[in-house]
Amino acid sequence: MKNKNDILGTVKLDPSGIDLVVTNQGGASDYCEMRAAQLSALTTIVCGDGYETFKRYNEEIQSDVLFLINGLAQEIQQLIPIVCLEEEKRTVAKFNRDKGVQHE
């Protein structure tokens, strides 16, 4: 396990009981962007022209797709504050590096 100081946040992946731990190692914004792209793809399937095809599937498949959409949306919602914190830390570190360079 990483040092607790390296942890930016935790995303609960309900109802699996599995938690996604986001550390200072970076990548939270890339991960969030990937999940948002997946959510966008899924919502494209269930609305507009895709809806006609979607409603042809049985209720179990429709329910599973909607459950997946909901889960991705909740995951992204939890990731956004972590992405903001990651960016804030990156900005502060850059400021401190730049400030140090100016004083030399």
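Residues numbered from 1 in each chain as written. Predicted model: local features only at pLDDT ≥ 70, side-chain atom pairs only at ≥ 80, totals over all residues. Heavy atoms only, no water.

Draft legend 1. Region of the structure containing helix α1 (residues 28-46). Over its 19 residues, α1 runs 27 Å from end to end, which matches the ideal 27 Å to within 8%, given 1.5 Å per residue. Buried within α1 are the following residues: A28, C32, R35, L39, L42 and V46. Down the axis of α1, the buried side of the element spans an arc of 85°, and every buried residue falls inside it. Residues D30, E33 and T44 are exposed on α1 and point more than 90 degrees away from its buried face. (Helix = DSSP H or I, 4+ residues; strand = E, 2+ residues; numbered from the N terminus. Expected span 1.5 Å × (residues − 1). Buried < 20%, exposed > 50% of the residue type's maximum accessible area, 1.4 Å probe, protein only. Arc of directions from axis to C-beta.)

Draft legend 2. Representation of the environment of L68 in the model. Along the chain, the position of L68 falls in helix α3 (residues 59-103). Its relative accessible area of 44% is what places L68 among the partly exposed residues. In sequence terms L68 and E33 are 35 residues apart; their C-alpha atoms lie 17 Å from each other.

Draft legend 3. Molecular detail of the pattern of salt bridges. Tallied over the entire structure, the rule returns six salt bridges. The shortest N-O distance in the salt bridge between R35 and E75 comes to 3.0 Å. Of the two residues, R35 sits in helix α1 while E75 sits in helix α3, which places them 40 residues apart along the sequence. On the basis of relative accessibility, which here comes to 4%, the residue E75 falls in the buried class. (Salt bridge = Lys/Arg side-chain N within 4 Å of Asp/Glu carboxyl O.)

Draft legend 4. Layout of the nonpolar core. With 16 residues, the main nonpolar core has V22, V65, I69 and I82 as its most contacted residues. Sorting the residues of this core by element identifies β1 (7-13), α1 and α3 as the ones contributing at least two each. Per element, the largest residue contribution to this core is seven residues, and it comes from α3. If we ignore the near neighbours within four places in the chain, the residues touching I69 are L39, L42, T43 and V46. (Core = buried A, V, L, I, M, F, W, Y, C linked by side-chain atoms within 4.5 Å. Contact = heavy atoms within 4.5 Å.)

Draft legend 5. Geometry of the layout of surface pockets. The calculated volume of the largest pocket comes to roughly 230 Å³. Lining the largest pocket are 14 residues; nearest its centre among them are L13, D14, G71, L72 and E75. Counting residues per element, the ones that place at least two in the lining of the largest pocket are β1 and α3. Broken down by element, the residue count for the lining of the largest pocket peaks at eight residues, all from α3. By residue class, the composition of the lining of the largest pocket is five nonpolar, five polar and four charged. (1 Å grid on protein atoms, 1.4 Å probe; cavity = no way out; pocket = protein on both sides within 12 Å on 5 of 7 lines; lining within 4 Å. Points joined across faces, edges and corners; volume = space filled by probe spheres on them. Nonpolar A, V, L, I, M, F, W, Y, C, P; charged D, E, K, R; others polar.)

Draft legend 6. Highlighting the environment of L13. By the secondary structure assignment, L13 is in strand β1. Sequence spacing of L13 and E75 is 62 residues, and the spatial spacing of their C-alpha atoms is 6.8 Å. Ignoring sequence-local partners within four residues, the contact set of L13 consists of I18, D19, L20 and E75.

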